[in-house]
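# Chain and residue survey
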Amino acid sequence: MSKDRTASMIRVDQAGEYGATRIYAGQLAVMGDRHPMAREIAHMAEQEERHRKYFDAMVARRGVRPTALQPVWNVAGFALGAVTAAMGPRAAMACTAAVETEIDRHYRHQIDALGDSDPELSAAVEDFRAEELEHKEAALAAGAESAPGYPLLSLAIRAGCRAAIALSKRI
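Note that the structure is predicted; figures quoted are calculated from it, not measured.

Its 23 residues give helix 5 (residues 119-141) an end-to-end C-alpha distance of 33 Å, which sits within 8% of 33 Å, the value for a rise of 1.5 Å per residue. Looking only at helix 5, the buried set comprises Leu121, Ser122, Ala124, Val125, Phe128, Arg129, Glu131, Glu132, His135, Ala138 and Ala139. On its buried face, helix 5 is in contact with helix 1 (3-31), helix 2 (37-62) and helix 4 (89-114). Just past helix 5, the residue glycine 143 takes up positive phi, approximately 100°.

Have a look at this one:
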């Protein structure tokens, strides 16, 4: 695998994990600790923060240019989290389920593309993917699919995730 393609993967992963931390920050800003799901969201946020820190270090160690869109992901992620939390806990969980569906898809493609070419990156992506799937399962168990307008909400969030991945690869 080319160095440029690997750098692009790392850039997207760092941007995505950063965006996830901002989504959960937005959700917690609205929900606070008033709702039973707040504890679960805080736990997910801690895991996303650990993922982000890992990719921040990898970006620095490997000399990868971070995405220039990070200020956009800062605002967009927080807004997405805040809006879905304001819609209610099930909508917040619908957001998590939708995002994690796309992250699972993204990470599976990366693992396939990497093969044996970058064991360090592959191992991290595998580990983080497992935690992302736990987030998705927790969101579904918490009633994500019963959120008002779930099919449309999920479709819109998933489309936004795919667009963010595509943009972060290049910009």
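Structure's up, so let's keep going.
Let us now look at the state of the cysteines. Going through the model one piece at a time under the given rule, you end up with 0 disulfides. The thiol of cysteine 95 is unpaired, and the distance to the nearest cysteine sulfur, on cysteine 161, comes to 7.5 Å. Residue classification places cysteine 161 among the buried residues on the basis of a relative accessible area of 14%.

Turning our eyes to something else, we now look at the nonpolar core. Counting residues in hydrophobic clusters, the biggest one holds 39 residues, and the most contacted among them are Phe55, Met93, Val99, Leu121, Ala144 and Ile157. Among the secondary structure elements, those contributing two or more residues to this core are helix 1, helix 2, helix 4, helix 5 and helix 6 (150-170). The element that contributes the greatest number of residues to this core is helix 4, accounting for 12 residues. In this view, isoleucine 157 contacts Leu80, Thr84, Cys95, Ala98 and Val99; residues no more than four positions away in its chain are not counted.

In the numbering used here, UniProt assigns the feature "binding site: Fe cation 1" (unreviewed entry) to Glu17, Glu48, His51 and Glu132. In sequence the annotated residues extend across 116 residues, while in space they remain close, none of their C-alpha pairs exceeding 10.4 Å. Secondary-structure assignment places glutamate 17 in helix 1. When neighbours within four sequence positions are excluded, glutamate 17 is seen to be in contact with Glu48, His51, Arg52, Phe55, Tyr107, Phe128 and Glu132. By secondary structure assignment, the location of glutamate 48 is in helix 2. Residues within four places of glutamate 48 in sequence aside, it is in contact with Glu17, Ala20, Thr21, Tyr24, Glu100, Glu132 and His135.

A few words now on the pattern of salt bridges. Tallied over the entire structure, the rule returns 11 salt bridges. Of the charged contacts, one joins glutamate 102 and arginine 162 as a salt bridge, the two residues approaching to 3.0 Å between their closest N and O atoms. You can see glutamate 102 sitting in helix 4 and its partner arginine 162 sitting in helix 6, a full 60 residues away along the chain. Note on glutamate 102: relative accessible area 1%, which makes it buried. Judged by its relative accessible area of 34%, arginine 162 is partly exposed. In the salt-bridge network here, residues are joined through shared partners; they are Arg61, Arg62, Asp118 and Glu120.

Moving on to the UniProt feature "binding site: Fe cation 2" (unreviewed entry) in the chain. Here, UniProt's "binding site: Fe cation 2" (unreviewed entry) annotation points to Glu48, Glu100, Glu132 and His135. In terms of the greatest pairwise C-alpha distance, the residues named above, spread along 88 residues, form a tight cluster of at most 11.4 Å across. Counting through the fold element by element, glutamate 132 comes out in helix 5. Setting aside anything within four residues of it in sequence, one finds glutamate 132 in contact with Glu17, Glu48, His51, Glu100, Ile103 and Tyr107. Reaching out from glutamate 132, the side chain makes a polar contact with the side chain of histidine 51 at a distance of 3.2 Å. Along the chain, the position of histidine 135 falls in helix 5. Setting aside chain neighbours within four positions, we find histidine 135 in contact with Tyr24, Met44, Gln47, Glu48, Thr96 and Glu100. Separated by 3.0 Å, the side chains of histidine 135 and glutamate 100 make a polar contact.

Procedures and definitions
- Residues numbered from 1 in each chain as written.
- Predicted model: local features only at pLDDT ≥ 70, side-chain atom pairs only at ≥ 80, totals over all residues.
- Heavy atoms only, no water.
- Helix = DSSP H or I, 4+ residues; strand = E, 2+ residues; numbered from the N terminus.
- Expected span 1.5 Å × (residues − 1).
- Buried < 20%, exposed > 50% of the residue type's maximum accessible area, 1.4 Å probe, protein only.
- Contact = heavy atoms within 4.5 Å.
- Disulfide = S-S within 2.5 Å.
- Core = buried A, V, L, I, M, F, W, Y, C linked by side-chain atoms within 4.5 Å.
- UniProt positions renumbered as here; feature names shortened; annotations may be inferred.
- Salt bridge = Lys/Arg side-chain N within 4 Å of Asp/Glu carboxyl O.
- Polar contact = N/O pair within 3.5 Å; in protein donor to acceptor, adjacent residues only side chain to side chain.

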